[in-house]
Amino acid sequence: MAAAAAVIALIAGGTACDTIDNDRIPAVPVNIIFSTVATWDTYGVTGALDSRRFILTRTEREPRNFPYPASSSTGFGGVLLVCDYYGNPVAYDLACPVEQRADVRVAVNKDHVAECPVCHSTYAVFENQGHPLSGIAAERGYGLQVYHVQPGRADYMVVTR
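Here goes a summary of the coordinates provided. This is a predicted model, so every value here is computed, not measured. The residue numbering used here restarts from 1 in each chain and proceeds along that chain's sequence as written. Two thresholds apply to this predicted model, a pLDDT of at least 70 for residue-level local features and 80 or more for giving and counting side-chain atom pairs, whereas whole-chain, interface and lining totals are computed over all residues. To get the side-chain values, all heavy atoms of the structure are used, and hydrogens and water are removed first.

The next point concerns the pattern of salt bridges. By convention in these notes, a salt bridge is any Lys or Arg side-chain nitrogen within 4 Å of a carboxyl oxygen on Asp or Glu. Using the criterion set out here, one finds five salt bridges in the structure. The residue Glu62 makes a salt bridge to Arg53 at a minimum N-O spacing of 3.2 Å. By relative accessible area, which is 29% here, Glu62 ends up partly exposed. One salt bridge in this structure joins Lys110 and Asp111, with 3.8 Å as the shortest N-O distance. Here the term buried applies to any residue with accessible area under 20% of the maximum for its type, exposed to any over 50%, and partly exposed to those in between, with areas from a 1.4 Å probe on protein chains only.

Take the sheet that holds strand S6 (residues 89-93) next. Taking strand neighbours across the sheet as the criterion, the eight strands line up as S3-S2-S5-S6-S11-S12-S1-S4 in an open arrangement whose pairing is antiparallel. Single-partner strands in this sheet number two, and they are strand S3 (61-62) and strand S4 (73-74). Note on pairing: DSSP must find at least two bridges between two strands before they are called paired. Each helix corresponds to a stretch of at least 4 residues labelled H or I by DSSP, and each strand to a stretch of at least 2 residues labelled E; elements are numbered beginning at the N terminus. Bridge analysis of strand S1 (residues 30-34) against strand S12 (residues 157-160) gives four bridges, and the strand direction is antiparallel. By the bridge assignment, Ile33 is partnered in S12 with Val158.

Attention now moves to the packing of aromatic side chains. Ring geometry is summarised as follows: Phe, Tyr and Trp rings, the Trp one being its six-membered ring, pair when their centres sit within 6.5 Å, and such pairs are stacked at plane angles under 30 degrees, edge-to-face over 60 and tilted between the two. Per the stated rule, a full pass over the model turns up eight aromatic pairs. Ring plane angle 70 degrees and centroid distance 4.7 Å describe the contact between Phe66 and Tyr68, whose orientation is recorded as edge-to-face. The buried category is assigned to Tyr68, whose relative accessible area is 10%. Their ring planes at 50 degrees and their centres at 6.3 Å tell us that Tyr85 and Phe126 sit as a pair that is tilted. Placement of Tyr85 in the loop between strand S5 (79-83) and S6 and of Phe126 in the loop between strand S9 (122-124) and strand S10 (131-134) is noted, with a sequence separation of 41 residues between them.

Okay, structure coming up:
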């Protein structure tokens, strides 16, 4: 009986290490609207490994010329919009889930992974839905917050929480 309990504990412990916590940052609204195909072609991601940052605060606006409607919001640390290896758009919050600060944002590096400038954790953003690859995030199973990217009712494409 003790051996069975030890096996169950080992399996449960092994499974827990394989789970990804991608809900570590504050739940802040996300609403980025690409009203037309032309807007998407100019500001969106249109090819594999393409990426773009969207940040809208009182002091920051990226991309600078993006037509943000009044209802726009870009999450806790901003939004990283990427086009995965298969040509599908995927969005993440830019805030590092280890640091949990809006001003500590991951950036896509030359190796095509997102890296935190503070803890140096890396994340798979072009595959595996923002799962951690290295650093404290990988040790603790902290992934990037994932957002929805889909066609809108009246708009070409919308990014939401």
